[in-house]
Amino acid sequence: MKIGFIGLGNMGGPMAANLARAGHQVTGFDLAAPCPDGVAKAASAGEAATGAEVVITMLPNGAILRAVADEVIAVMATGSVLCDCSTVDVESARAVADQAGAAGRGALDAPVSGGVGGASAGTLTFMVGGSDTAFATVQPLFDVMGQKAVHCGASGAGQAAKICNNMILGATMAVTCEAFALADKLGLDRARMFDVVSTSSGYSWSMNAYCPAPGVGPQSPADNDYKPGFAAELMLKDLRLSQQAAEAVDADTPMGARATELYAEFVEAGQGAGRDFSALLPLLAARGRG
Ligand code: NAD
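Here goes a summary of the coordinates provided. What you are looking at is a predicted structure, and each value in this text was computed from that prediction instead of being measured.

What counts and what doesn't
Residues numbered from 1 in each chain as written. Predicted model: local features only at pLDDT ≥ 70, side-chain atom pairs only at ≥ 80, totals over all residues. Heavy atoms only, no water. Helix = DSSP H or I, 4+ residues; strand = E, 2+ residues; numbered from the N terminus. Rg over C-alpha atoms; globule rule 2.2 N^0.38 Å. Buried < 20%, exposed > 50% of the residue type's maximum accessible area, 1.4 Å probe, protein only. Contact = heavy atoms within 4.5 Å. Lys, Arg positive; Asp, Glu negative; His and termini not counted. Charge placed at Lys NZ, Arg CZ, Asp CG, Glu CD. Near = heavy atom within 4 Å. Polar contact = N/O pair within 3.5 Å; in protein donor to acceptor, adjacent residues only side chain to side chain. Areas by Shrake-Rupley, 256 points an atom, 1.4 Å probe, with all protein chains shown as cover. Nonpolar A, V, L, I, M, F, W, Y, C, P; charged D, E, K, R; others polar. Core = buried A, V, L, I, M, F, W, Y, C linked by side-chain atoms within 4.5 Å. Patch = residues over 30% accessible without salt bridge, like charges linked within 9 Å, V, L, I, M, F, W, Y side chains within 5 Å. Salt bridge = Lys/Arg side-chain N within 4 Å of Asp/Glu carboxyl O. Expected span 1.5 Å × (residues − 1). Arc of directions from axis to C-beta. Bend = angle between axes of the 7 residues up to and from the residue.

Looking at the overall build of the chain
Part 1 of the argument: Along the chain, the regular secondary structure elements total 12 helices and 9 strands.
Part 2 of the argument: Here the chain has a C-alpha radius of gyration of 20 Å; the compact-globule value for 290 residues is 19 Å, and the two agree.
Part 3 of the argument: Taken along the three principal axes of its C-alpha coordinates, the chain extends 65 × 40 × 35 Å.
Part 4 of the argument: Per-residue burial for the chain yields a buried fraction of 50% across its 290 residues.
Part 5 of the argument: Across the chain, contacts joining residues at least 24 apart in sequence account for 63% of those joining residues at least 6 apart.
Part 6 of the argument: If you average the places of the 18 positive and of the 28 negative side-chain charges in the chain, the two averages end up 5 Å apart.

Some remarks on the site of the ligand
Part 1 of the argument: Around the ligand sit 23 residues in total, of which Asn10, Met11, Asp30, Leu59 and Lys237 are the nearest.
Part 2 of the argument: The contact in question runs from an oxygen atom of the ligand to an N or O atom on the side chain of Asp30, over 2.6 Å.
Part 3 of the argument: Coverage of the ligand by the protein chains reaches 83% of its 840 Å² of free accessible surface.
Part 4 of the argument: The set of elements that each furnish at least two residues to the shell around the ligand consists of helix H3 (62-73), helix H5 (115-121) and helix H10 (232-249).
Part 5 of the argument: When the residues that make up the shell around the ligand are grouped by side-chain class, the tally is 14 nonpolar, 6 polar and 3 charged.

Things to note about the nonpolar core
Generally speaking, a soluble globular protein has its nonpolar side chains buried in company with each other.
Part 1 of the argument: Among the nonpolar cores identified, the biggest contains 34 residues, and Phe180, Met207, Cys211, Tyr263, Phe266, Phe277 and Leu280 are the most heavily contacted of them.
Part 2 of the argument: Only helix H7 (157-185), helix H8 (190-197), H10, helix H11 (254-268) and helix H12 (280-286) provide two or more residues apiece to this core.
Part 3 of the argument: Residue contributions to this core peak at 8 residues, all from H7.
Part 4 of the argument: If sequence neighbours within four positions are ignored, Phe277 has contacts with Leu169, Met173, Trp205, Tyr210, Phe230, Ala231, Ala232, Met235, Tyr263 and Phe266.

Observations concerning a nonpolar patch on the surface
Part 1 of the argument: A surface patch of nonpolar side chains, amounting to about 310 Å² of accessible area, comprises Leu182, Leu186 and Leu188.
Part 2 of the argument: On the secondary structure map, Leu188 appears in the loop between H7 and H8.

What to know about unusual backbone geometry
Backbone geometry follows two general trends: most residues other than glycine have a negative phi, and most peptide bonds adopt the trans configuration.
Part 1 of the argument: A cis geometry characterises the amide bond from Pro228 onward to Gly229, with omega recorded as 10 degrees.
Part 2 of the argument: Inspection of the secondary structure assignment puts Gly229 in the loop between helix H9 (205-208) and H10.
Part 3 of the argument: Its identity as a non-glycine residue notwithstanding, Asp225 has a phi of 55 degrees, on the positive side.
Part 4 of the argument: The topology assignment puts Asp225 in the loop between H9 and H10.
Part 5 of the argument: Here the phi dihedral of Tyr226 falls at roughly 60 degrees; this positive angle occurs in a residue that is not glycine.
Part 6 of the argument: Tracing the backbone shows Tyr226 in the loop between H9 and H10.

Here's the deal with helix H4 (residues 90-102)
Part 1 of the argument: Spanning 13 residues, H4 covers 18 Å between terminal C-alpha atoms, matching the ideal 18 Å at 1.5 Å per step.
Part 2 of the argument: Considered for burial, the residues of H4 that qualify are Val90, Ser92, Ala93, Val96, Ala97 and Ala100. What you see down the axis of H4 is that its buried residues fit within an arc of 165 degrees, all on one side. Residues Glu91, Asp98 and Ala102 are exposed on H4 and point more than 90 degrees away from its buried face.
Part 3 of the argument: The inward-facing, buried residues of H4 contact H3, strand S5 (81-84), strand S6 (106-109) and H7.
Part 4 of the argument: Downstream of H4 by a residue or two, Gly104 has a phi angle that is positive, lying close to 80 degrees.

Some remarks on helix H6 (residues 132-145)
Part 1 of the argument: The first and last C-alpha atoms of H6 sit 19 Å apart over 14 residues, in line with the 20 Å expected at 1.5 Å per residue.
Part 2 of the argument: If you look at H6, its biggest bend is around 45 degrees, right at Val138, and the proline Pro140 turns up within four residues after that.
Part 3 of the argument: Restricting attention to buried positions, one finds in H6 the residues Ala134, Phe135, Val138, Leu141, Phe142 and Met145.

In structure tokens, the structure reads:
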């Protein structure tokens, strides 16, 4: 397939490389990042999109996505599909899909989970919003870049699934860290707490697969001095998107709101910047209630 790939950063670079390695004809564009091996370099987003059957974007936020979409939709072939894999606000995803639809192009919002490791290994999970036809067109590419693509519904449904998942993740990680900090102060050994909780009703992905306590449970960023992994800044971005969406539709999300405040404090006060999102544990363990 002839593919335009815009945004070749930490995630987009390896995703584009995997598509090229699978035999697709990939032309890429990024304002700063280099083109990976096998990907032809374009001089602009418009050039990368010209003549492509599918244009994939992997960009930092909704404002940038809208600007890039403005540039590429006009030059995309009729019937081609714009597939945005970035994590952006639901409103931007829907606006871009409407704009593409009005111009006779298909559109999907297809944010991912799996991080840079999943992008490199081709084991991402895609959460996809858009039409059946557009989904069917891009499915073979999802199969190359990922292990699973779930068609969640109409435009925006992929982003909705992503932020709901990550709101659960942020709140669950925060309370898992709190529980370890409380256990410390109660004199309960962390390894014993893991043994109990990981096989009891408090279990979760945060506890069982990504334990925030160093030396406890399976290998996780906690065992590597909290180097990301999943950076606290990215968790904060996703939590803020969840709260923006909740405000837009008047949904009450008290735990998501509190997790957002906690991660904002963690990242913006400095301790969380550049660290894994599970590094809330040493912060909470070191302080008291006041
Ligand atoms: P990144 O900052 O490494 O990559 C973004 C790239 O977009 C950069 O290389 C930047 O130069 C490029 N860019 C910005 N504006 C551009 C423009 N107008 N035209 C062309 N290129 C432009 O970020 P990333 O980690 O690759 O994340 C990309 C997206 O994936 C984000 O929306 C992020 O939330 C999401 N995401 C990231 C992870 C992760 O673990 N890194 C996991 C899941 C989802």
